[in-house]
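# Structural characterization, general
Here is how the chains run, residue by residue.
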Amino acid sequence: MPVRSTKPPERFGLDRLTTPIGIALLVTDAEGALRALDWEDYEPRMRELLRLHYGAVDLVDRSAPAAMKTALSAYFEGDLGQLSGVAWRIAGTPFQQKVWTALAKIPAGTTMSYGTLAARIDMPKAIRAVGHANGSNPISVVLPCHRLIGADGSLVKYGGGLERKRWLLRHEGVEV
């Protein structure tokens with residue numbers, strides 16, 4: 001007989017923010033830390049990532065902290081440094097967390113190949129694993145997975161669609 005988990009679902013708030021590239025979904029915890037940022041047209045993917053990282057999740061309508069929304073809006077209006085002020089918290093494997101933390105250190109206006117990021121985290125042969133971790137990043141934009149590109153400079157993939165990736169990079173001053 002299967003053992004059922006008695007752990008209650010994680011309870012997070014869900015808010016929306018209008019941006020130049022669509023409606024951003026902001027998922028925050030009780031302390032106001034960002035747990036997920038994805039796009040309204042990718043909500044099923046976001047919910048699946050939350051389930052994979054946290055187990056059962058209960059999303060309730062709740063405003064994200066005003067400072068977070070202000071920082072994100074400022075980023076989209078051109079103040080690229082505002083993302084560093086957004087408090088975030090992630091769940092994932094230790095490897096995923098290492099990749100995601102490294103993403104946060106890629107400066108706006110720059111790109112990096114998957115291989116370079118793998119080398120930066122002292123795992124130069126883990127290029128594909130870096131790609132998989134990047135693809136399951138729950139906090140788009142703030143953990144800037146859009147800044148990772150192919151070794152040949154191609155845009156490769158982006159969970160929110162290549163047009164958004166292209167827009168984000170151009171917004172940050174990258175020629176694509």
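Refer to the structure presented above.
Let me sum up the structure you'll find in this document. Residue positions are given per chain, counting from 1 as you read along its sequence in written order. Per-residue local features are limited, in this predicted model, to residues with pLDDT of at least 70; the limit for side-chain atom pairs, both in listing and counting, is 80 or more; totals at the level of whole chains, interfaces and linings are taken over all residues. Heavy atoms from the whole structure form the basis of all side-chain values; hydrogens and water molecules are not counted.

### What to know about the sheet that holds strand S2 (residues 22-28)
Counted only if it meets this: Any two strands are treated as partners once DSSP identifies two or more bridges connecting them. Secondary structure elements follow DSSP: runs of H or I of four or more residues count as helices, runs of E of two or more count as strands, with numbering from the N terminus. Axes, fitted as lines to C-alpha atoms, cover a helix only where it is in contact. Angles between the N-to-C directions of the axes lie from 0 to 180 degrees. The contact definition used throughout considers only heavy atoms, calling two residues in contact when any of these lie within 4.5 Å.
With mixed pairing, the 4 strands of this open sheet are ordered in space as S3-S2-S1-S4. Edge positions in the sheet fall to strand S3 (34-39) and strand S4 (57-61), since each has one partner strand and no second. When strand polarity is set aside, the average angle formed by the axes of neighbouring strands in this sheet is 30°. Two strands pair when backbone bridges link them, and S2 and S3 are joined in this way by 5 bridges, in the antiparallel orientation. Considered in S3, the bridge of Val27 is made with Ala36. Strands in contact with helix H2 (residues 66-76) are strand S1 (10-19), S2 and S3; relative to S1, the strand with the most contacts, it is inclined by about 35°.

### As for unusual backbone geometry
For clarity, the threshold we go by: Burial classes follow relative accessibility: with a 1.4 Å probe on protein chains only, a residue under 20% of its type's maximum area counts as buried, one over 50% as exposed, and anything between as partly exposed.
In this structure, Val141 takes a positive phi of about 70° despite not being glycine. By relative accessible area, which is 0% here, Val141 ends up buried. The phi dihedral of Val156 is positive, around 60°, even though this residue is not glycine. The topology assignment puts Val156 in the loop between strand S6 (148-149) and helix H6 (162-171).

### Some thoughts on the packing of helix H3 (residues 94-103) against helix H5 (residues 127-135)
Two quantities define a packed helix pair, namely the angle between the axes and the distance from one axis to the other. As a reminder of what qualifies: Every angle not falling under 35 degrees, over 145, or within 65 to 115 is termed oblique; those three ranges are roughly parallel, roughly antiparallel and roughly perpendicular. Under the scheme applied here, ten amino acids are nonpolar (Ala, Val, Leu, Ile, Met, Phe, Trp, Tyr, Cys and Pro), four are charged (Asp, Glu, Lys and Arg), and all others, including Gly, are polar.
Where H3 meets H5, the axes come as close as 9 Å, and the angle between the chain directions of the two elements is 75°. When the interaxial angle is binned, H3 and H5 end up roughly perpendicular. Contact residues: Phe95, Gln96, Val99, Trp100 and Leu103 in H3; Ala129, Val130, Ala133 and Asn134 in H5. Its residues placed into classes, the contact of H3 with H5 shows 7 nonpolar, 2 polar and no charged.

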